[in-house]
Amino acid sequence: MGTVRKNRPSRKRGDGDERPSPEQRPDKDPRVDWREQTFNAGDVGPVEQVSTPLDLITTLRMIMVDIDPQHLNPVLFDDGKGTFASRLYHQTVRHWLDRDPFWGRATVLNTGTGLHLQLHLDPVVEFAGPADRDLWGAVVRSVQNTLPSDPNAPGLTALTRPVGSVNSKTNRTVKLLRPGTPVTPDAVLEFVDKLRRRPFATIASILHGADRITPCPICKTDGSTLAALDRVGRCYARCGTVKLAQLFGTFMSDPATQGEE
Ligand SMILES: [Zn+2]
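Given the structure is predicted, the values throughout are model-derived calculations rather than measurements.

Caption draft 1: Just the overall build of the protein, in detail. For the protein, the helix and strand inventory stands at six helices and 13 strands. Of all 261 residues assigned to the protein, the portion counted as buried reaches 44%. A separation of at least 24 residues holds for 64% of the contacts in the protein among residues at least 6 apart in sequence. Accessible surface, the protein as shown: approximately 13500 Å² in total, 50% of it carbon and sulfur.

Caption draft 2: Examining helix H3 (residues 130-144) more closely. Its 15 residues place the ends of H3 21 Å apart at the C-alpha level, agreeing with the 21 Å of an ideal helix rising 1.5 Å per residue. Among all positions in H3, only Arg133, Trp136, Val139, Val140, Val143 and Gln144 are buried. For H3, the angular spread of buried residues about the axis comes to 130°, placing them on one side. Exposed side of H3, more than 90 degrees from the buried face: Pro130, Ala131 and Asp134 are the residues found there. Contacts made by the buried residues of H3 are with strand S3 (59-67), strand S5 (115-126) and helix H4 (185-197).

Caption draft 3: Seen up close, the side chain of Ser149. Take Ser149: it is sitting in the loop between H3 and strand S6 (159-160). At a separation of 3.5 Å, a polar atom in the side chain of Ser149 contacts the main-chain carbonyl oxygen of Gln144. Residues in contact with Ser149, not counting those within four places in the same chain, are Val65, Asp66, Ile67, Gln144 and Met252.

Caption draft 4: Seen up close, the packing of aromatic side chains. Inspection of the entire model under this criterion finds four aromatic pairs. Between Phe77 and Phe84, the ring centres sit 5.0 Å apart and the planes meet at 45°, which makes this aromatic pair tilted. Note on Phe102 and Phe191: the rings are 4.3 Å apart at their centroids and 20° apart in plane angle, and the pair reads as stacked. A residue pair is termed long-range when its members are at least 10 positions apart, and Phe102 in the loop between helix H2 (84-98) and strand S4 (107-110) and Phe191 in helix H4 qualify at 89 residues. Overall, Phe102 belongs to the buried group, its relative accessible area being 8%. Given the relative accessible area of 3%, Phe191 is considered buried. Taken together, the aromatic side chains of Phe102, Trp103 and Phe191 make up a single cluster linked through ring pairs.

Definitions and limits used
- Residues numbered from 1 in each chain as written.
- Predicted model: local features only at pLDDT ≥ 70, side-chain atom pairs only at ≥ 80, totals over all residues.
- Heavy atoms only, no water.
- Helix = DSSP H or I, 4+ residues; strand = E, 2+ residues; numbered from the N terminus.
- Buried < 20%, exposed > 50% of the residue type's maximum accessible area, 1.4 Å probe, protein only.
- Contact = heavy atoms within 4.5 Å.
- Areas by Shrake-Rupley, 256 points an atom, 1.4 Å probe, with all protein chains shown as cover.
- Expected span 1.5 Å × (residues − 1).
- Arc of directions from axis to C-beta.
- Polar contact = N/O pair within 3.5 Å; in protein donor to acceptor, adjacent residues only side chain to side chain.
- Phe/Tyr/Trp six-rings, centres within 6.5 Å; stacked < 30°, edge-to-face > 60°.

Right, here's the structure in full:
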């Protein structure tokens, strides 16, 4: 790579992290592009050392959602100063979190390119076997799908970035934007049960803060209202029945206009 790295991270290691660094190279920052497991022991290190195939995952430590401004509608981060990720948090994402008691417990990192939202589990979930892992894989996916994010992002195998490490794409240090509080596994299952019963109403209340949204965010017709029912939305102006995918669509960027910061 040979690029000059500005914004070198502090040498302080993560809290409680007493593992030796795998490789100390005096000429290079040892924490460039390090990752942290959301599973098993929560190991921190170069991606090739900490990434793990699904069938070797036995413990879930946190549920992580990766929100990349590149995939989102630019109106969600068009205000204020700072990087796209910082603006996206302050202008939009913190309101989503503040509207829901479950998501309100999330820890948020600015990864240097986007946001990692982490719901830390206490206690961690240890899988009794493959069926248990499959169940929690579906639970993680369901929680991830409540916020506009990449639907192809990894679920149980997700890696996050440790605070203080450096993202080589931007040479920015990974920063903590919002400290969270852990959730219990039961609270996760209760949230997923609520989603199963009332998917549209639950997600509309997180993203819009209301069960009646004026004007309808799909057609934007003057005087229209989108009513968030349990499973679908209803717009009496133009749209008729509105599906969850249409609601999410208003938050996503047009693929043709996606660009780097
Ligand atoms: Zn409409």
